[in-house]
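The residues making up each chain are set out below.
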Amino acid sequence: MTDLRCKLLVIGAGPGGYVCAIRAGQLGVDTIIVERASLGGTCLNIGCIPSKALIHAADEFSKVAAAASASAHLGISAPGASIDLKATIDWKDAIVHRLTTGVGALLKKAGVRVVKGNAEFLDGKTVELEFEGNRQRIVAETIVIATGAEPVELPFLPFGGPVMSSTTALSRQTVPQQLVVVGGGYIGLEIGTVFRKLGASVTIVEAASRILPQYDAELTKPLLQRLKTLGIDVKAECRAQGLQSDGKGLVITLKDGDEQVLPADAVLVTVGRRPVTQGFGLEGLKLTMSGPFVEIDAMCRTSMRGVFAIGDVTGEPMLAHRAMAQGEMVAEIVAGKKRIWDKVAIPAICFTDPELVTVGQSPDEAKNAGIETKIGTFPFRGNGRAMTLERDDGFVRIVARADNHLVLGIQALGQGVAELASAFGLALEMGARLEDIAATIHAHPSLGEAVQEAALSGLGHAIHF
Ligand code: FAD
Ligand code: NAD
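The rules behind each value
Residues numbered from 1 in each chain as written. Chains lettered and ligands numbered in written order. Predicted model: local features only at pLDDT ≥ 70, side-chain atom pairs only at ≥ 80, totals over all residues. Heavy atoms only, no water. Helix = DSSP H or I, 4+ residues; strand = E, 2+ residues; numbered from the N terminus. Rg over C-alpha atoms; globule rule 2.2 N^0.38 Å. Buried < 20%, exposed > 50% of the residue type's maximum accessible area, 1.4 Å probe, protein only. Contact = heavy atoms within 4.5 Å. Areas by Shrake-Rupley, 256 points an atom, 1.4 Å probe, with all protein chains shown as cover. Lys, Arg positive; Asp, Glu negative; His and termini not counted. Charge placed at Lys NZ, Arg CZ, Asp CG, Glu CD. 1 Å grid on protein atoms, 1.4 Å probe; cavity = no way out; pocket = protein on both sides within 12 Å on 5 of 7 lines; lining within 4 Å. Points joined across faces, edges and corners; volume = space filled by probe spheres on them. Nonpolar A, V, L, I, M, F, W, Y, C, P; charged D, E, K, R; others polar. Pairing = 2+ DSSP bridges. Domains from an automatic or database assignment. Near = heavy atom within 4 Å. Polar contact = N/O pair within 3.5 Å; in protein donor to acceptor, adjacent residues only side chain to side chain.

Draft legend 1. A look at the overall build of the protein chain. The helix and strand tally for the protein chain stands at 13 helices and 24 strands. Whereas a compact globule of 465 residues would reach a radius of gyration of roughly 23 Å, the protein chain reaches 24 Å, a difference of no more than 12%. With the principal axes as the frame, the protein chain shows a C-alpha extent of 70 × 65 × 45 Å. Split into buried and exposed, the 465 residues of the protein chain put 49% on the buried side. Here the contacts in the protein chain between residues at least 6 apart in sequence split such that 63% fall between residues at least 24 apart. Total accessible area on the protein chain is roughly 21,300 Å²; 53% of this is exposed by carbon and sulfur atoms. Looking at the protein chain, you have 45 positive and 50 negative side-chain charges, and the mean spots of the two groups are 4 Å apart.

As structure tokens, this is what we get:
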């Protein structure tokens, strides 16, 4: 048994943990990070990056396939399109490798010690782990729990065989013929669309009354319409029951209680993610929990002195950039700086087709908070750039206070709007008013002009619509 000592021990090297460790190292804090799988966590290895790589590949393939068809209206033609999914997965894996190797290099540059293994808590200052046959104990002044989350498994549809989690789906080397996706949230819609664009027949089964139930119908209705155009069948208010006895179909219960069998050679279950809080002695610390998550305060402190928690293990929204922002803040607190969670908003992007961005309050959320609002909306069909990109569906919507025009929220639906999310976040963090956005020159031709026009619309005088 060997003992290691440090000021800061971070458990888990996902976006929360590795950012925390790098920032702590930069600030001269003696830091160790422990990871049992691969540096980069869910996000880099089996989440954000692999899914966005495959979304891109599927988009490229569907464009080539469209050019190969008789309806190639841009004057472009291409011989018969085909895809070698194994080669696509190799390309995706190469991107993952580049990024995870980069994280290792950044940790090294910051002077952080990386230890491989499964950390198990002995107490609030000590963990034990086994690595290459050696048991090691690490004693730290401060510990950060950044153990992330994992896919929820349905008891009647256990992962394995034709039933895939997002992890299996993102490494699959063949396109299924008939895919049924259970859960029409972020992951189900993103990966379901990938396989549809690669040629699978896709049905999405969603328990709630509509896809992405956390967003309002004005945003999700056009998305549903586009899914239909792509040939994806969405069955809302339906529930999966289990595989048919021959394993070749999924039994579902319809809204009226009737049963239906959906033919399927693959089933993707994406009904949410649950925090990783079990199996490594965390229970022994008896931390205060918030439902299944570790409860934290505005400094990411848990109920035990010297123990912090960040990222997915602490609750919604389970997003990489929230984990990173928490990680950076905690590192600075440990280094003695005065920091507190004071963010106005956490942007969220659903990389569907079209993309959906939400930052801050929706019209309903502002109304429910008792705020009188002005809503400005601008459709991309009034935007020249959207037309030249052949995607003039969707819109930008700005929610502002009626009294002083302070922007409370910005939402957008449209192809390419993911890249507008940073501008939306900046506007909210800087306390922009409708007049600030309206008075900013937005370059022409760009999708961003729709943001300026939405602000003008909120002020009652959009120019191009
Ligand atoms: P994780 O990234 O889950 O990292 C936790 C790490 O801790 C893991 O590497 C794990 O191995 C390690 N660990 C756990 N227990 C121990 C232990 N006892 N000892 C040692 N190591 C341990 N978010 C976005 O913002 N944008 C997206 O586009 C996006 N796309 C996604 C797509 C998919 C398919 C999935 C599954 C998720 C996606 N997410 C996305 C969510 C994002 O991946 C998570 O929010 C993010 O990874 C959370 O970071 P984290 O550091 O909290 O945890
Ligand atoms: P989710 O919460 O987004 O969606 C799950 C969906 O499954 C919900 O719509 C829910 O109503 C439905 N559902 C639940 N039980 C069901 C059942 N038995 N039958 C049918 N439908 C059922 O969860 P997810 O898609 O698994 O994603 C998990 C998390 O990962 C997200 O909350 C998000 O934080 C993160 N993520 C983010 C991105 C992104 O930022 N682009 C992408 C992927 C994942």
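Having seen it, we continue.
Draft legend 2. Local environment of the layout of surface pockets. Each pocket or cavity is described by its volume, and for the second largest pocket that value is around 200 Å³. Taken together, 13 residues form the lining of the second largest pocket, with Ala423, Phe424, Leu426, Ala427 and Ile437 sitting closest to its centre. Sorting the residues of the lining of the second largest pocket by element identifies α11 (421–429) and α12 (434–439) as the ones contributing at least two each. For the lining of the second largest pocket, the leading source of residues is α11, giving 4 residues. Residue composition of the lining of the second largest pocket, grouped by class: 10 nonpolar, 2 polar and 1 charged.

Draft legend 3. Representation of the sheet that holds strand β15 (residues 266–269) within the structure. What the 5 strands build is an open sheet, ordered β8-β15-β9-β10-β11; its pairing is parallel. The two strands at the open ends of the sheet, each matched to only one other strand, are β8 (163–164) and β11 (233–236). Relative to β11, strand β10 (residues 201–206) runs parallel, the two sharing 4 bridges. Within the sheet, the bridge partner assigned to Val205 lies in β11 and is Lys235.

Draft legend 4. How the structure looks around empty space enclosed by the protein. Enumeration according to the criterion identifies 1 cavity of 30 Å³ or more in this entry. Looking at the largest cavity, its volume works out to about 60 Å³. Looking at the largest cavity, the residues that line it are Leu54, Ala57, Ala58, Ile83, Leu85, Thr88, Ile89, Ala169, Arg172, Val194, Phe195 and Leu198. Of the residues contributing to the lining of the largest cavity, the split by class is 10 nonpolar, 1 polar and 1 charged. Summarising the domain contributions, the lining of the largest cavity has at least three residues from each of domain 1 (4–56 + 86–151 + 274–334) and domain 2 (163–271).

Draft legend 5. Examining the site of ligand 1 more closely. In the vicinity of ligand 1, 39 residues are found, and the nearest of them are Glu35, Thr42, Lys52, Asp312 and Ala320. Here an oxygen atom of ligand 1 sits 3.4 Å away from a polar atom, N or O, in the main chain of Pro15. Notes on ligand 1: free accessible area 1,000 Å², of which the protein chains cover 94%. Looking at the shell around ligand 1, the elements with two or more residues in it are α1 (15–26), β2 (31–35), α2 (41–46), α3 (48–68) and α8 (320–334). Ranked by residues supplied to the shell around ligand 1, first place goes to α2 with 4 residues. The residue inventory of the shell around ligand 1, partitioned by class, reads 19 nonpolar, 15 polar and 5 charged. Two domains share the shell around ligand 1, each providing at least three of its residues, namely domain 1 (4–56 + 86–151 + 274–334) and domain 2 (163–271).

Draft legend 6. Highlighting the site of ligand 2. In the vicinity of ligand 2 lie 21 residues, with Ile187, Glu190, Glu206, Met318 and Ile349 positioned nearest. Contact distances for ligand 2 include 2.5 Å between an oxygen atom and a side-chain N or O atom of Glu206. The contact in question runs from an oxygen atom of ligand 2 to an N or O atom on the backbone of Gly272, over 2.9 Å. The protein chains hide 82% of the 850 Å² of surface that ligand 2 would expose on its own. Of all the elements in the fold, those that place two or more residues in the shell around ligand 2 are α6 (186–197) and β10. Broken down by element, the shell around ligand 2 gets its largest block of residues, 3 residues, from α6. Along the lines of polarity and charge, the residues of the shell around ligand 2 split into 11 nonpolar, 5 polar and 5 charged. Among the domains, domain 1 (4–56 + 86–151 + 274–334) and domain 2 (163–271) are the pair contributing at least three residues each to the shell around ligand 2.

Draft legend 7. Quick look at the environment of Glu355. When you line up the elements, Glu355 lands in strand β21 (residues 355–360). Measuring from C-alpha to C-alpha, the distance between Glu355 and Leu223 comes to 8.5 Å, with 132 residues separating the pair along the chain. Beyond its immediate chain neighbours, meaning those up to four positions away, Glu355 contacts Cys350, Ala412, Leu413, Gly414, Gln415, Gly416, Val417 and Ala418.

Remember, this is a structural readout, not a statement about activity or role.
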